[in-house]
Each structure stands twice: as C-alpha cells, then as structure tokens.
Amino acid sequence: MPLEIYDYRDNPYVEDFKKFVRDSETQIHPWIQRREQEARAITDQISTLEIPASIDTEFLIQQEDQGLILTPFDNFDGMRVAILPQEHIEGARILREFNLRLANHPARIHAMQALEARGFIAPIKMEGVLDSEAEKRRLLQLADLGHAIDLTDGTISGEQLTKLADKIKILRETDNDAINASSELQKIQQDVEITIQQTESKRQSHRTELLATGPFTLIKGKAFSYIQAGAMPDITASVIMGRTLAKMLVPFCIPEIGIYSDPNKQAALAKAIMDGLTEDDPLLAGRSPEEKKYIVSHWRQCPIGVTEVNPDKALKRAELLSEVGITWLRPYIHTVGGDIITTTRELRRHYPDAIIEAGQVSSIDIALGCEYAGADCLNSGVGSGGRCTTALLSQLIPTNALLSWKLRGKLGIPLKGEGGAVDEPIVSALTGFSAVNGSGKFGGVIENPGGIFFLTRDGRTFLKPYRGEASQASKYLSGKTYATGIPFVPEGEEAFKILVPLEESATQKIVNQWTRVNLGAIVLGIDAGPHIISAMQNLDPSPLWQKSRTAAYLQDTH
C-alpha cells in the first residue's frame, strides 16, 4: 500500500501558526535584552575614538556598509573597539596598492584574453578512487584526497607505460651489435627514444610565469579569478571590500541576509560599490582606451547579487540590483529541492543577458535541471561551510567532492565549490570544480566591515566578527527569530577572525591562494598558463588518491 503524503499546505492553521511564531505579543528574553545593551555599549565606542588625519577615508565605515556589529550571541565579553595601529594600516595600504597593480598587470590581462579566445572546456568523464569508494557506500571528502602525480604521467596511459618498460628491458638485455643488425630492434629503440624525448621536451613550470597568467576560470565566456568569494556579510558587506575584490577580478557575493535582508539596503551597497568601478581609476593610468574598457567591464561583472530561491522575491531583488548595474545574479539556498530550477528559469526569462549562478545544487538531476533552465554556472557545497553546522545538526554527509566528480561528462557549464573547497583548491580542480568560493579565508582584514576599527581584549590581538550565514547572530540580524527573540533554526556558529601581520589586506590573502594553486600546477607538471584549471581537471588518468593518516602527516610540515 503506497504511503499517503500529507501536504502541509492543506492545513488551514499553518498560516496562523507562522504568524504566531514570529509576531505573537510575547516579551523578548531578558538575557537577550541585556546582551543587546552590552553589545551596543562596545560598538558605540567607535564614535568616541579620534581618527588620525592621515587615514584614507576609504578605510573608514561607509554609510552602506554593515559596519562593526555585535549581537547578543557573539562572545564579546571583555572586548573594546580600537583603531588598528598605524603600522598595520600602512601595511594594508601598501599591500592593497601593489596587489591591485599585480592583478591588473598587462601580462595577466593578456592571459585572460587568451583563455576567453579558447573558450570553456568542461571536465571529461573518467574513472577514479571516488567511484570505487562510492561503490562501497563510502563518501570521500575533498580533505580525504590528494594527488600522486609521480605515479602516473597524466598523458601516457598505464598500458603505454608497461609497454615502454618492456621495450627498455629488451634493449638493456640486448647488445648493440644485435640491435644494429635487427630492423625490429631498431624500431623498438626508435619508439623508446621518441617517447623519452617527448618527456624530456616538457618545460619546467615556474611560479612567477604562472602568477603572470592565472589561475583563471571562465564564466559565460569571461575570465575571472579561480579563487572567488562567498556571501557572508561579515566578509564582503563593505564598499571597500567590494571594490577591492572586483579590482582583483574576484567574483564575490553581495549578501541578502543580515541587515541586507532589506532589498533596498542590498541595492544601496551594490550601487556604492559599482560607483567606484570606472575607467578613470588611477590604477589604469597609462592604459589604452580599449584596455580600460576591457578591464572595467570585468570589474563591474564581479559583484554578484544574491537572491532568495523564490521567483517573486528573487525578481524583486533582481530589479533593484539591475538598476544599479549588477549583471550577475545568484539564487541561493542550502536545502534540497527543485525550487532553484524554477527561480533560475524566471531570472533567465527576465534577464537574458545576465550571468545566472544557481545553487546550492545538491544532486545531479537538480544540477542538470538548472543548466537546462538557463544557469551559466552552478554552486555546490550543501551543509559544509566554514561556520556551518547544517551537516552536524541534520547528520548530513557533505557530498560536494563526489557530486563534482559525478557531473563530469554530463554538465556543460562551470561548477563552483563551497563547503571547504577553498581549503582544498587543487583537489577541488582535480575533482572537477572550475572555481572555489571562500569567506573565512578573507576575514580579519582591513577591508572587512568596520574598516580600521577592530575589536581587542589586550591591545595586541585584533579581531573582526565572522559568523555562519545561518548562525544565531546572522538570524538575529536578519530578523528571523521567534517572538521571544530566540533565533529560528540556527545552523552556524559565531567566531572572530584575527588580523595576521603581512596579511592586513584581503588582496594579499588572494595572491597567497593564487600562488598555492600555481604550486599545485607545478607539482602536477602542468605548464598551461591561463589554461591550468582545465588542464588539472582533465588529467587522465586522474592522479587523485585517498590519503592515509601517514600521508596527511607527511603533507604537513615534518
């Protein structure tokens, strides 16, 4: 007998229940009220601090920024607000100016154009360790994997290598006179020498040259940084961070949670960011008009407007965002369901020229459905973000590594990885991801909301908030609470990111990630310039292996 499905929408009391949960006349919990006052007392200190005249106004809090916000759920006891020491402010300025010039150097722009001329190459289908483990009902994670390129050439198949070894053995066991007298042995010798010469002819990859040419990825035919940024307001919700990421060619999300649950505030932040991305930027002094137009068109594509996965709400946000120049939209939800396909279809119908990034995709059929509905790229990483507890609370095993692998040969558009992908950027590319999103990786820097204002307990360690997108603090800021003030279904945690000397600017953290990916390409023997990501993705046979505890130990400093 088939199971009878109960449709909650047939329950006549559900709407009343929803109103009761949110709006019933109930007092706010007194602990929350007290903590609100204490948090406000700390952040109010900003107005009492004397700002040095030498500080660039870009590093101050702008009207559209989230600012330095504390909630009752942050561990702020004993903290005070402090202006970052001059050494770190000056360091951030130097790093930012240098790295912005690096990111827009003519060599990198030339490489972007070469990548765009070739076009996107989707990862091919292949067999590997993820398949064999999946057959045993074991889900490997990105962090469980590593590559062992020294066990496979990547261009010569295992069968070819066996034949090569056999031929070398024959020649070593035969004297030169016999080889010279036999045309068959001469042919074997010629085959061996050609194969060895092909290996000898491989160029050594070099770090500087690879940094001059990537790592880049293609989204809807345009080249951007392979390392991209997520949708966490504590990281991206400031004007200077938005402009900085855009000028680094790093696509990033303008969030729709927290105070930006209000679509008008989200659009205001987007407008302030876009107003600073123009062809008269001093960074482009001396460049030709054609170069300026090309570069700025890419800068202005980088801000991604996040929307709800609900056609009506998404279209309302999209209209406001498009009015201020946003041309990349991301309908975004963490849970499973086909609503993402419906929303993607509606956004594509109304905005045919925009980049539509759909996510989070949680299955092969949803991924393919979103591609069919008009998505230009997808995002995967359900329940495994840096501060996310969805997987823990729901006992979900994150599947982004296997999903990326299983979509090989099926998906014709780029797939971006979240949920730890930025922590494993090389393995992510080897599984099939075309870009990786990070949030926490770019925390604790001067461009984060708050600018030069940081929190400190001792005057030596400087911190900024970094909360999960569905944490108690984020739910509180979004107004998603019970009538008692308690956050509704929190799925994340609150934390702080520490400022690290020599990484005061997000630009340095980005460059460090680029060089890490490039080092992976060097170790993999890839010298493909701007094409290294697709070259990694399509190494066949795959160099991916599951690593043991000993292998993980040996990867670390030892």
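Note that the structure is a prediction, hence the values are computed from the model and not measured.

Chemist: Outline the packing of aromatic side chains, listing residues and values.
Modeler: All chains considered together, the criterion is met by five aromatic pairs. For the pair Phe17 and Phe20, a centre-to-centre distance of 6.5 Å together with 45 degrees between the ring planes defines the contact as tilted. Taken together, the residues span about one helical turn, with Phe17 and Phe20 both in helix H1 (residues 14–23) at a distance of three residues. A relative accessible area of 52% places Phe17 in the exposed class. Between Trp31 and Phe73, the aromatic rings sit 6.0 Å apart at their centres with planes inclined by 50 degrees, giving tilted as the arrangement. Within this pair, whereas Trp31 is found in helix H2 (residues 30–43), its partner Phe73 is found in the loop between H2 and strand E1 (80–83), the two being separated by 42 residues in sequence. Residue Trp31 is classed as partly exposed on the basis of its relative accessible area, which comes to 35%. Members of the aromatic cluster, connected to one another through ring pairs, are Trp31, Phe73 and Tyr476.

Chemist: I'd like a description of helix H12 (residues 263–275), backed by residues and values.
Modeler: The end-to-end C-alpha separation of H12 is 18 Å, in line with the 18 Å expected for 13 residues at 1.5 Å each. All of the buried residues along H12 are Pro263, Gln266, Ala267, Leu269, Ala270, Ala272, Ile273 and Met274. Against helix H11 (239–247), strand E6 (252–254), strand E7 (303–307) and helix H14 (311–323) lie the buried residues of H12. One side-chain oxygen of the residue at the start of H12 lies 2.9 Å from the amide nitrogen of Asn264, identifying that residue as Asp262.

Chemist: Can you break down unusual backbone geometry residue by residue, with the values?
Modeler: Residues other than glycine predominantly adopt negative phi, and peptide bonds predominantly adopt the trans conformation. Across the junction of Gly214 and Pro215, the peptide omega takes the value 5 degrees, indicating a cis bond. By the secondary structure assignment, Pro215 is in the loop between helix H9 (207–212) and strand E3 (216–219). Even without being a glycine, Lys220 presents a positive backbone phi close to 50 degrees. On the secondary structure map, Lys220 appears in the loop between E3 and strand E4 (222–225). Relative accessible area serves as the criterion here: at 38%, Lys220 is assigned to the partly exposed category. With a phi close to 50 degrees, Val489 is a non-glycine residue in the positive phi region. Assignment of secondary structure puts Val489 in the loop between helix H20 (472–478) and strand E15 (494–498). Given a relative accessible area of 41%, Val489 falls into the partly exposed group.

Chemist: Tell me about the side chain of Lys464, and name the residues and values.
Modeler: Within the secondary structure, Lys464 sits in strand E14 (residues 463–467). For the buried Lys464, which has no salt bridge, the nearest side chain bearing the opposite charge is Glu447, at an N-O separation of 7.6 Å. A polar side-chain atom of Lys464 sits 3.0 Å from the main-chain carbonyl oxygen of Asn448. Among the polar contacts listed, one links the side chain of Lys464 to the backbone oxygen of Gly451, at a separation of 2.8 Å. Excluding anything up to four places from it in sequence, Lys464 contacts Val445, Ile446, Asn448, Pro449, Gly450, Gly451, Phe453, Phe454, Ala495, Phe496 and Lys497.

Chemist: Tell me what's going on with the environment of Phe98, and back it up with residues and numbers.
Modeler: Structurally, Phe98 is set in helix H3 (residues 86–103). By relative accessible area, which is 47% here, Phe98 ends up partly exposed. Spatially, the C-alpha atoms of Phe98 and Ser534 are 28 Å apart, while their sequence positions differ by 436 residues.

Chemist: How would you summarise the state of the cysteines if you had to cite specific residues and measurements?
Modeler: Covalently bonding the sulfur atom of one cysteine to the sulfur atom of another cysteine gives a disulfide. One pass over the structure, following the stated rule, counts zero disulfides. Free cysteine Cys253: the closest other cysteine sulfur is in Cys377, separated by 9.7 Å. Under the relative-accessibility criterion, Cys253 is labelled buried at 0%. Residue Cys377 is classed as buried on the basis of its relative accessible area of 0%.

The rules we used
Residues numbered from 1 in each chain as written. Predicted model: local features only at pLDDT ≥ 70, side-chain atom pairs only at ≥ 80, totals over all residues. Heavy atoms only, no water. Phe/Tyr/Trp six-rings, centres within 6.5 Å; stacked < 30°, edge-to-face > 60°. Helix = DSSP H or I, 4+ residues; strand = E, 2+ residues; numbered from the N terminus. Buried < 20%, exposed > 50% of the residue type's maximum accessible area, 1.4 Å probe, protein only. Expected span 1.5 Å × (residues − 1). Contact = heavy atoms within 4.5 Å. Polar contact = N/O pair within 3.5 Å; in protein donor to acceptor, adjacent residues only side chain to side chain. Lys, Arg positive; Asp, Glu negative; His and termini not counted. Salt bridge = Lys/Arg side-chain N within 4 Å of Asp/Glu carboxyl O. Disulfide = S-S within 2.5 Å.

In short, shape yes, function no, at least from these values alone.
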